[in-house]
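# Commentary on secondary and tertiary structure
Residue-level listing of the chains:
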Amino acid sequence: MGNPFGFTEFHRKMPAKRSSGTRVGDWREIYLNWDEKESRSQASRCMDCGVPFCNKGCPLGNLIPEFNDLVYEGNWEEAINRLHATNNFPEFTGRICPAPCEESCILSINNDPVTIEMIEKTISETAWNNNWIKPEPPTARTGKKVAVVGSGPAGLAAAQQLNRAGHSVSVFERSEVLGGLLTIGIPEFKLEKSVVYRRIEQIRKEGVKFYTKTNVGIDISHADLQKKFDAICLAGGSTVPRDLSIEGRNLSGIHFAMDYLSQQNAKLRGQTFLKKEEISAINKNVVIIGGGDTGADCLGTAHRQKASNVVQIEILPRPPKLRLPDNPWPERPFVFKSSSAHEEGGERDFSILTKKFIGDKQGRVTELQCVRVEWKHSIENNQTVMEEITGSDFIVKADLVLIAMGFIHPQHEGLLDNMQINYDIRGNVESDARMKSNIDGVFACGDMENGQSLVVQAIASGRRCARNIDVFLVGNSSLPSVQEYVRPFHNI
Amino acid sequence: MPLNEDVHLPDFSGVEKHGLYIPDLEHDSCGVGVVANIKGKPSHTIIEQGLTVLSNLSHRGATGSDQKTGDGAGILVQTPHKFFKKSMKHLGITLPNQNQYGVGMCFLPQRKDLYDLTINAIESSANKNDFQIIGWRKVPLNKEVIGVSARAIMPKIQQVFLSGPPNVTGDDLERKLYLIRKMAEREVSDKITDANKKELLREFYICSMSSRTVVYKGMLMPDQLGSFFHDLNDGDFVSVFSLVHSRFSTNTLGSWKLAHPYRFLAHNGEINTVRGNRNWMQSREKSLSSKYFGNDIENIKPICESDDPSDTASLDNVFELLRMTGRSVDHVAAMMMPAAWHGNKSMPKEVRDFYEYHGNIMEPWDGPAMVVFTDGNHLGAVLDRNGLRPFRYLVTKDDLLIMASETGVLPIEPSKVKIRSRLSPGKMFLVDFKEKRIVGTEEVLKRLASKKPYSNWLNKNRSILSKITTPNIYSDLDRETLLTKQITFGYTQEDLQVLIKPMSITGHQPQGSMGNDAPLAVLSDKPQNLFAYFKQSFAQVSNPPLDAIREELVTQRAVPVGRRPNIFEETPRHCRTLRIDHPIMTDNELATVKSIKIKGIKTALISTTFEVSKGVNGLEASIKRIQKEAVAAIEDGCTILILSDREVNKRNSFIPSLLSTGAVHHHLIKQKIRAQADLIVESGEPREVHHFATLLGYGASAINPYLAFETIEGLREISGVENEIPNRAQAEENYREAIEEGIVKTMAKMGISTIQSYTGAQIFEALGLSKKLVDEYFTWTISRIDGIGLEEIVQDNILWHSTAYSKDNIPSNLKLDIGGLYFWRSTGERHMWEPETLSLLQNATKRNDRLMFEKFEHASNIEQEKHLTIRNMLELAYSEPVPIDEVEPVIDIVKRFATGAISLGSISREAHETLAIATNRINARSNTGEGGEDPERFFHDPNGDSRSSAVKQIASGRFGVTTNYLINAKDIQIKMAQGAKPGEGGEIPGRKISEYIAYIRKTTPGIELISPPPHHDIYSIEDLAQLIYDLKNVNPSARIHVKLVSVAGVGIIAAGVAKGKGDVVLISGDSGGTGASPLSSIRHAGLPWELGLSETQQVLVANGLRNRITIQTDGQIKTSKDVAIAALMGAEEWGVATGALVAMGCIMLRKCHLNTCSVGIATQNPELRNLFKGTPESVINYFIFLAEGLREHMARLGFRKVNDMVGRVDKLRVRDNITHWKAKTLNLSPILHKAKVLDTDHAFCCVPQDHKLSESIDNKLIAICETAINENETVSSTLEINNTNRAVGANLSGLVAKKTGETGLPNGSINITFRGSAGNSFGAWLARGITFTVEGDANDYFGKGLSGGRLISKPDRDSILVAEQNIIIGNVALYGATGGEAYIRGIGGERFCVRNSAATAVVEGIGDHGCEYMTGGRVVILGETGRNFGAGMSGGIAYVWDPNLSFSKNFNGELSDLLDLDENSNDSDDLREIIRNHYIYTNSTVADNLLTNWKSRIKEFKKVLPREYANILQKKVQGSPDYANT
């Protein structure tokens, strides 16, 4: 390893961000780039641990100590190879991953973790800028055909992997654009869409066929699909949002976060909307219900749409600033985090339950009635229960309410129900250890199989699924396994 | 003592057949003595004196469980003709004249039919050679004096007298007698059946058969010899010399025949290369022919007695053969045990050439050896090149020569002594009774060197590869094929990044830390190369590892290759060889060999590939093919066979290089033509040190790792701007140097100095290979639990090959496997410590959460298909449960835990003290490690906590080992080896030596510390017994504890430890931790504790020794199930180190050696130390969890007491659900074999050792000194002393330290003068305020550990010797001294002041390796020094009086500078003061002379000053630093 003393010599440092004043005026990404030297100093902080928890923390099993060392040595081309060995889309995860790797970084026990994600992004961009990332079509074709339903990160990863194994892959996407949540849901300022298209172009040139505006189950029957393809990979995501069924829910001006975010992305693609369809925050009091990442995305978007005031509320209590003793490393840290959107303004409040929506005569929402709650741990049944604090009711002004409370499960009606897919208790596609559903030849991955999760999980799941499908089709697989060693050609 | 008739005989038949005991691994060591009349005048007095010498060497021998049965004693003398004539006359038989007949001293079976069989064999062999049996004589014996065990297996002892044709005399007569003996032995051996084997092997043996000499020996104690054999007391029983020997064997499965002397020699030491030497002898058998034997040559084969496990027996067999075929005894000795000639400039060229020439004929018999030999007319002695055995001699005015392992073995009037001297390393000594004089080394060698024109022959015939190789020309690298090859040969990313790249940059082996927690090769899912199944063996106790770094001058890398003609002749043809100076060959060197055109050298290329599609059959067929090709090539006259896998391609894969090498090597040995050609391996497979070491070990003379070289170039081409790889030639040179350095170190671990004798020595144990495979291709290698065969090997091979040549080349795949062996990766090799287990244990212990601990245990006790260790394959056989409240309480169980020996220095002060506090609170034991301990910690803290480690370790570095340290120990642990790097010394990088660490260790801050690989006071088992005795004397209340590492034969060593009176023996597994160690040692040396522990339990129980000694085990024990298994296998105490560190926050960064531990544990960096967050509570929680878990297992197993479960392997069983394709080939039943416990015995420790302290002279001393200790009075006295008074002063000093701590008594409080020869360890750990003077001389370890006392040694007042020309003290004086003074008027032995850290010493001449590893103090040498002075000396100052300007050639300047002095020098006054003291205390004439002419004399001094130490001295501020806040 390069520099064992790096972490004692350098502090964690991120690249500069564009000032919040500037960046809310446009939709471009927030971080500026590092110079070469800074990347290398930051990479040299990696301790090359005997047991690198980052490698376990990363759902993809990214070879983090390896690429850190390569960056430290200035060997960028090897670094992108090492990154690509476990991750199809490092330029995505380098931007929008909550970086569980950094949370598990051993330095974070008593210091700031290595800037793994930013190093990953820097490697990717260096590689793209140097034209090192090219289509790499397979050398031979197996003659097997696979359909991938959904073009989000899971579907794309599965498609690229299956294609590399020599199968002929068709990706079906019901939207007009490819990329799933990457293009539809995630705001431009977090992930510029050109980044996604650039990668999809590579996949297309490698031989994967993409069909947009093709809703499987409607545009093509499942029976057709099953007939035409040797295997099907379901990667349609988790799309049914969690709702807040309280009084006043049917007032206008209350929307699901994803509807809001996707419309903004569509606008940036040049699509226009009728006034009555348009969801805009301009000059409005915006309330976001839900304190997670999607909520933060709404916050950033609302500011860019020139909202007059934005409040984000969360039912759970505000996390502590630092880890509590009962939450030691390497457990995921339960601490207060701010995203870049929070730097740009808005209020955040915690331990708040929304009791009802209040509207005006036109049926438009005007305010929320909320109450403060207390979370109490009951030792008897080892459960934490919520109690309202009497007399703490208050009113929040709201012209636009965005519900960002996550997703429940994939859409059942249509394809899944038609195929008579079995669901697990959470309503996700039930699959066996090899990710196969109850129907022969039909596999599932990503949020459709696991429920809503991170992009990095989706890519990992897509890779894993591709390997399983490969084994299903040809008996064994040279595709890499994820997070475990699998002995190839094990015939004893 | 009444004879205890109930004594049971040791019975090994069970454990040998079903268990882990291997009799071949028995060791012995001993005391040797000679008394001779140089003028050749025989007398009976010589015999009596010999017996006296023998009984004064008693303490170098041992007894077993039967206190009256010795390990063996014997005497070799000239044939006492007058006595025999008289005795035979009583039987009515007239003997011919002196030297006209032979006498055979025979051990014969007791059973009548077997007795007859052997008698007939001897008689018929005699008849076949035209000899007649004159008669048989029953040797009169006094059986009453010997032990029951000895008597039970005693053979009949008879002498046969035989005579031949009258014209057969002199050497011819000897040869005939030799032939008769060999034929008789062969005839008996041919008649061995299963029914008679045991008795014939045990009881039939011909001790000697000669006209010149006779051997009396047996399974006796030294003082029994004379009374047992009546003959020896007869006045007519006379000889010119007597050669006596007392044996210390590692166990009591005694054997009469294993006693020394053998026919030609007696030996103290061990031949480490004996396996290889025997193989080479067998290889030569076909080419043997001698004019002296003609067709009879067939009748003397096999040369080495095949059923005799003893190295000495084989040494003697070959010695005898070479003597019988025409060489003189001195010639034979020089040839078999050459001095370190290679690169020795001070040796005359003709002598070097003599040695090099003979190197072409015979490889050295390497190992610590002091051999005394005789053919009846000459008597000589030779000491091995390392000089690791002591040998002192004196000559009196009346021509009596006394030489022995110790001085003082025969009382001689001081006024009669003419010479007192010693044998130095590599030197020889000959008494020629015809010339009636002693012939010294120089003369002996000069005579030998001029026998033939050796130099001339060499110049004309021998080629040197480096001189005929043209410079490197490289072809361009083809990256595509490089990658394919790397995959084919199973390279991983780690091979490139962790091993090959660093080596090509630094020229050194890569280092690592923590232990090996990956699975055994046979349990892994990943494909494994064959090397991974071989574990390096190493020296511990019975022989010392060598110091390949500091004592490099004795190592030799060059090997001659080519054909070895008949060894009985010496012709120019014998050196028509190619000398390869580097066994790792570059591509170019190999190309040169391939195209060589030199007379007498012819090469053949044999392709070692097989057709991969044919699978195992293809592999087997190819092995047969290469064996056949090898034989054909030799028949065709080839002298070098190159085994090459260059032809690997899509169709053909490689035969594992170790397999092809072993297969050819052993096939040629079996064909007895191995000596006709040598093997060179050209392979893509070997890449790390261990690979090369195994290839050499199984017969390769040199190796060309072409793919490793190509890989370096591949890495170089893509390397970034940091960590650049140098140019190609330099990078290859660096790599080669790193590998060779590693090989030399690997050899040194086993005590071997030359690659030539390492070749074929097979110093490995196979783990996980089937017996069938091993017997076929790696014959004589130990493989105890069976395992995989060719079928599984081929599967791994196919996997690599098919991956490499796979059609589906998936873009962006990681082309080479990630590895994950050294550093955990999620897709890499499995590990015991991985994120899940680490976080579970940390959180469980931090939160005191038993449920989480159970989760940890569940994750760790890996089940089903994920075995990592042997114990993972076992389960507890629960039955007959008892209620848990009846099981002994946690509070008692936790006392049995120890943490590992982790030194302060390796870990931070905070971490070290936390461990001590935690263990002391629960009465468990923490361990200082080898770094000493701050004396402040010996006092309790105000809150009642104690930071004093219960176990104080004493390792080879002896850091901070003071009397006060030892007296404050509950256990004193002698570290013989460490699991992570057995056979190597501790290492701590300079960056970890802070001011505080240096203060504790008494060394210099910032300077790397390497401990010597051996304890310089333990080169063999009797030395260990001596150190145990020394330590027990200092602190009689401490348990003396010996730490060993698991390896085949460790049980036998443990038996030796028990006999040497150790109280505890620790069997460490191979997987234990380390602060810094070469990666190849962490991975490849030693064996799991399951094997070592089981073997130890089996051997100790069978020996009847188990109840005297406690067994502890450690090595990645981490769960209560591990503890339960350890107890059931025989350990009543357990060590848990890594787990305890994890409980304190260790996250297995594996950066201990870099000082960058980010959690403040393994670092001395103050900022990082601040990050330490560990608490005693977490550690205590861990131990309590383990104890609670163990209690639950005990309840379910039905045990109420831990002692009840010790050794109960019947409560263990192998899981029945093992389906792992490799794991299921193992046979664990030898581990689970339960040795039969004798009725009177227990399987756990319950009888204290009798250390015989009551017999010590210190009892008298303590009585004399009582008033000095208690009432501050001054005491003086004079006492007699002799060599059996050992460790004199240690007990007294211990008492002083107990009373006064570090301070000691006021100067001059106690003054004792001793007259005579002091025994070993005189003045050991002598405390401040005590002055001991010995008038006479002293043995080894004079002033060992000197802790402030003053020692004076001077010749007896009646002596007529010139003091400065004679030796007065033995080897290894002042080892590890931490204070005090020593004034020695006379010459000292080897390794004077090794590891001295503070004492001031004056001596008038010393042997080799003076001031080695010294870190402090002042040493003044007023005379000559031997070679290699100041090696590893990093502190202190030496002043050497060098009037003849000869010192610089002996000076090792690696770390020090040589400075001139004059009267204006700053140290002039100091030096004069020291010399003045020397004069005052000893009356030295040398000192007197120097002081008189000081101004001119001081200019003749040289000052040796370590460079870094000089810097520190300059910086040093006055006054001692305040360490309280460090």
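One numbering rule holds for all chains: residues counted from 1, following each sequence as written. For naming, the first written chain is A and the first written ligand is 1, with later ones following in the order written. Restriction of local features to residues with pLDDT of at least 70 applies here, the model being predicted, together with a cutoff of 80 or more for giving and counting side-chain atom pairs; totals for whole chains, interfaces and linings are based on all residues. Remark: hydrogens and water are excluded; side-chain values derive from all non-hydrogen atoms of the structure.

Of the regular secondary structure elements, chain B holds 47 helices and 52 strands. When we talk radius of gyration, it's over C-alpha atoms, and the globule rule is simply 2.2 Å times the number of residues to the 0.38. Since a compact globule built from 1526 residues should have a radius of gyration of about 36 Å, the 32 Å found for chain B is in line with a globular shape. Dimensions of chain B along its principal axes, counting C-alpha atoms only, are 90 × 85 × 75 Å. Every one of the 1526 residues in chain B was classed for burial, and the buried ones make up 71%. Across chain B, every contact between residues at least 6 apart in sequence was considered, and the portion connecting residues at least 24 apart equals 75%. Positive and negative side-chain charges in chain B, numbering 175 and 181 respectively, have mean positions lying 3 Å apart. Under the scheme used here, helices are H or I runs from DSSP no shorter than 4 residues and strands are E runs no shorter than 2 residues, and both carry numbers assigned from the N terminus. Classification of residues uses two cut-offs on accessible area relative to the type maximum, computed with a 1.4 Å probe and protein chains only: under 20% is buried, over 50% is exposed, and between them is partly exposed. The contact rule is simple, with two residues in contact once any of their heavy atoms fall within 4.5 Å. His residues and chain termini do not enter the charge count, which takes Lys and Arg as positive and Asp and Glu as negative. Taken as the charge location is NZ of Lys, CZ of Arg, CG of Asp or CD of Glu.

Residues and elements named next belong to chain A. According to the domain assignment, chain A consists of domain 1 (6-129), domain 2 (145-239 + 408-474) and domain 3 (243-405). Boundary definitions for the domains trace back to an automatic or database domain assignment. The C-alpha centroid of domain 3 is placed 30 Å from the C-alpha centroid of domain 2. When domain 2 packs against domain 3, the two sides together hide about 1000 Å² of surface, and 53% of this comes from carbon and sulfur. Buried surface area refers to the total accessible area, computed with a probe of radius 1.4 Å, that the two partners give up upon joining, counted for both partners together. Interface area lost by domain 2 to domain 3 is led by E176, I184 and F189, which between them contribute 42%. Think of a salt bridge as a Lys or Arg side-chain nitrogen and an Asp or Glu carboxyl oxygen that are within 4 Å of each other. Our count for the domain 2 to domain 3 interface comes out at two salt bridges. Whenever two N or O atoms come within 3.5 Å, that pair is a polar contact, provided that in protein one can donate a hydrogen and the other can accept it, and provided that, for residues adjacent in sequence, both atoms are side-chain atoms. Counting the contacts that link domain 2 with domain 3 gives five residue pairs in polar contact (both at pLDDT 80 or more). Taken together, the elements giving at least two residues each to the side of domain 2 that touches domain 3 come down to α11 (181-184) and α12 (193-205). Top element by residues in the side of domain 2 that touches domain 3 is α11. It accounts for three residues. Gly is placed with the polar residues, together with every amino acid not listed as nonpolar (Ala, Val, Leu, Ile, Met, Phe, Trp, Tyr, Cys and Pro) or charged (Asp, Glu, Lys and Arg). Of the residues belonging to the side of domain 2 that touches domain 3, the class tally is seven nonpolar, two polar and four charged.

It is worth spelling out the interface of chain B and chain A at this point. Counting from both sides, the interface comprises 53 residues of chain B and, opposite them, 54 residues of chain A. Taken over both partners, the interface formed by chain B and chain A buries close to 4600 Å², and the fraction arising from carbon and sulfur atoms is 58%. Per-residue buried area on chain B facing chain A is highest for P811, S812 and R825 of chain B; these three make up 12% of the total on that side. On inspection of chain B and its partner chain A, the count reaches five salt bridges. A salt bridge links D48 of chain A to R825 of chain B; the shortest N-O distance between them is 3.9 Å. Here chain B and chain A share 17 residue pairs in polar contact (both at pLDDT 80 or more) between them. Looking at the side of chain B that touches chain A, the element that brings in the most residues is helix α27 (residues 835-847) of chain B, giving six residues.

Keep in mind that most residues, glycine aside, have a negative phi and that most peptide bonds are trans. Here the residue pair W329 of chain A and P330 of chain A is connected by a cis peptide bond, since its omega of 5 degrees sits within 30 degrees of zero. As for its placement among the helices and strands, P330 of chain A is situated in the loop between β8 (309-313) and α16 (340-343). Geometrically, the link from H260 of chain B to P261 of chain B is a cis peptide bond, its omega value of -10 degrees lying close to zero. Along the chain, the position of P261 of chain B falls in the loop between β8 (241-249) and β9 (265-269).

Further remarks concern the sheet that holds strand β14 (residues 400-403) of chain A. Residue and element names in this part refer to chain A. Any two strands with at least two DSSP bridges between them are considered paired. Taken together, five strands build an open sheet; the order of strands is β6-β14-β7-β8-β9 and the sheet is parallel. The sheet is open, and its two borders are formed by β6 (254-256) and β9 (347-349), each paired with just one other strand. Between one strand axis and the next, the sheet turns through 20 degrees on average, direction left out of account. Axis angles are defined between N-to-C directions and span 0 to 180 degrees, where every axis is a line fitted to C-alpha atoms and, for a helix, only to the segment in contact. Strands in contact with helix α14 (residues 257-268) are β6 and β14; relative to β6, the strand with the most contacts, it is inclined by about 80 degrees. Contacts from helix α15 (residues 293-304) reach β7 (285-289), β8 and β14 within the one sheet, and its direction differs from that of β8 by about 175 degrees.

With that out of the way, let us pick up the packing of aromatic side chains. What characterises a pair of aromatic rings is the spacing of the ring centres plus the angle enclosed by the ring planes. Residue and element names in this part refer to chain B. Within 6.5 Å between ring centres, the rings of Phe, Tyr and Trp (the latter by its six-membered ring) count as paired, and their orientation is classed by plane angle as stacked under 30 degrees, edge-to-face over 60, tilted in between. Under the criterion given, the structure shown has 49 aromatic pairs over all chains. Ring geometry for W833 against F856: centres 6.1 Å apart, planes inclined by 20 degrees, an arrangement best described as stacked. Residue W833 is located in the loop between α26 (790-804) and α27, and its partner F856 is located in helix α28 (residues 850-860); the two are separated by 23 residues in the primary sequence. Between F897 and W1134 the ring centres are 5.2 Å apart and the planes differ by 55 degrees, which places this aromatic pair in the tilted class. Here F897 is found in strand β31 (residues 897-901), whereas its partner W1134 is found in strand β41 (residues 1133-1135), with 237 residues between them in sequence. The buried category is assigned to W1134, whose relative accessible area is 0%. Every member of this aromatic cluster is reached through a ring pair, and the members are F83, F84, Y101, F107, F161, Y205, Y216, F228, F229, F237 and W256. Definition used: whenever NZ (Lys) or CZ (Arg) falls within 6 Å of the ring centre and also within 35 degrees of the ring normal, the charge is taken to sit over that ring. In this arrangement the basic side chain of R275 is found over the ring face of W780, its NZ or CZ atom lying 4.2 Å from the centre. Looking at R1286, its charged tip hangs above the ring of Y1029, at a distance of 4.4 Å from the centre.

Okay, α27 of chain B next. One less than the number of residues in a helix, times 1.5 Å, gives the span that helix is expected to have. Between its first and last C-alpha atoms α27 of chain B spans 18 Å; for 13 residues at 1.5 Å apiece the expected length is 18 Å, and the two agree. Within α27 of chain B, ten of the 13 residues are buried, leaving the element largely enclosed by the surrounding structure. The set of residues buried in α27 of chain B consists of P835, T837, L838, S839, L840, L841, Q842, N843, A844 and T845 of chain B. Buried positions along α27 of chain B lie against α4 (53-57) of chain A together with α28, α38 (1138-1143) and α40 (1176-1197) of chain B. Following α27 of chain B by one or two positions, N848 of chain B adopts a phi angle in the positive range, close to 50 degrees.

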